[in-house]
Amino acid sequence: MMERKVHLSTVNPFITCYICKGYLVDSTTITECLHTFCKSCIVKYLEEKNNCPKCDIEIHQSYPLNYISFDRTMQDIVYKLVPNLQEREKQCMQEFYKKRGLPVPNNVGLDDNNTEGNKAPSQEQQEDEDHHRSDEQVNICLECRTPNLKNLKRRFLRVSSQATITHLKKFVALKLYNSISKFKEVDILCNEEILGKDHTLKFVAVTRWRSKDTPLLLHYRQRVADL
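Within each chain, residues carry numbers counting from 1 in the order of the written sequence. Given that the model is predicted, a residue must reach a pLDDT of at least 70 before its local features are reported, and side-chain atom pairs must reach 80 or more before they are shown or counted; all residues, however, enter totals for whole chains, interfaces and linings. For side-chain calculations, the full set of non-hydrogen atoms in the structure is used, while hydrogens and water are omitted.

1. Overview of the sheet that holds strand 7 (residues 193-194)
Part 1: In spatial order, the strands read 5-4-8-6-7; together these five strands make up an open sheet with mixed pairing. On the outer flanks of this sheet lie strand 5 (156-160) and strand 7, each paired with one strand and no other.
Part 2: Inspection of the sheet shows strand 6 (residues 186-190) paired to strand 7 by two bridges, in the antiparallel sense. Each residue of the ladder has a partner; that of Leu-189, found in strand 7, is Ile-194.
Part 3: Strands strand 4 (137-144), strand 5, strand 6, strand 7 and strand 8 (216-222) of the sheet are contacted by helix 7 (residues 201-209), whose axis makes an angle of about 105° with strand 8. Should DSSP find at least two bridges between two strands, the strands are taken to pair. Starting at the N terminus, helices and strands are each numbered in turn, a helix being any DSSP run of H or I of at least four residues and a strand any DSSP run of E of at least two. Residues count as neighbours in contact if any of their non-hydrogen atoms are within 4.5 Å of one another. Here the axes come from fitting lines to C-alpha atoms, over the contacting stretch only for helices, and the angles between their N-to-C directions go from 0 to 180 degrees.

2. Thoughts on the pairing of strand 1 (residues 27-30)
Part 1: Residues Ser-27 and Thr-29 point to one face of strand 1 and Thr-28 and Ile-30 to the other, with burial holding for every one of them.
Part 2: In this structure, strand 1 lies alongside strand 2 (residues 36-38), joined through three bridges in antiparallel fashion. Its bridge partner being in strand 2, Thr-28 is matched across the sheet by Phe-37.
Part 3: In this structure, the hairpin formed by strand 1 and strand 2 is closed by a connection of five residues, where Leu-34 is found at a positive phi of approximately 70°.
Part 4: Two elements, strand 1 and strand 3 (residues 68-70), share three bridges in a ladder whose sense is antiparallel. Burial classification: accessible surface area is computed with a 1.4 Å probe over protein chains only, and a residue below 20% of its type maximum counts as buried, one above 50% as exposed, and the rest as partly exposed.

3. Describing the packing of aromatic side chains
Part 1: Whether two aromatic rings pair depends on their centres lying within 6.5 Å, for rings of Phe, Tyr and Trp, where Trp uses its six-membered ring; planes under 30 degrees apart make the pair stacked, over 60 edge-to-face, and the rest tilted. One pass over the full model with this rule turns up zero aromatic pairs.
Part 2: Lysine and arginine charges are scored as sitting over a ring when NZ or CZ, respectively, is within 6 Å of the ring centre and within 35 degrees of the ring normal. Here Lys-21 stacks its cationic end above the ring of Tyr-18, 4.4 Å away from the centre of that ring.

4. Overview of unusual backbone geometry
Part 1: Its identity is not glycine, yet Asp-56 carries a phi of approximately 70°, on the positive side.
Part 2: Mapped onto the elements of the fold, Asp-56 is located in the loop between helix 2 (39-46) and strand 3.
Part 3: In this model, Asn-191 sits at a positive phi of 55°, which is unusual for a non-glycine residue.
Part 4: In this structure, Asn-191 sits in the loop between strand 6 and strand 7.
Part 5: Residue Asn-191 is classed as partly exposed on the basis of its relative accessible area of 40%.

In structure tokens, the structure reads:
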């Protein structure tokens, strides 16, 4: 089979940061829309705003920084595609710490083949990368409320108590319509009440479900158009 060479310029739009226009470093992805930026760029941006700088979707009204996560797969792809980028970044980080008289962290400047660099991640690193698995968990049951929509094959879920109703709407939209972008066409209800998009599951469990037995029973339906 013949190999096809692809110019780096062809994939540049997919591996560069929308904010700084440079190659992605410490790739960090917004969980709401899956757009990826440099960690330093998106963290600085979200200190003052709560929307995605690329698609303008609201990440979270109050805590947008809770809904971004390190994207190791994307960063590995960037380092493999761009020659010497990883080495240059390590060198820049070493110079940054040395100029300020600060100790260089152990994970800066280590070779990939160095045995110290292959040690198992620390507990703190594991917690940072556990995708909210260390959060308080909530058991929920998602059932269809209308006959014009199909039932989910997987009705019972165990998710972070910090997950919002918007997360559930996107999950349902993906399963029903095969498109996250249609999440606005879905309503989530508890005890016949439509839930706000920014409500966390913990808030719903405490204020709507109260002390009822688990799992938390939620219903989904096609959004009712405003009159």
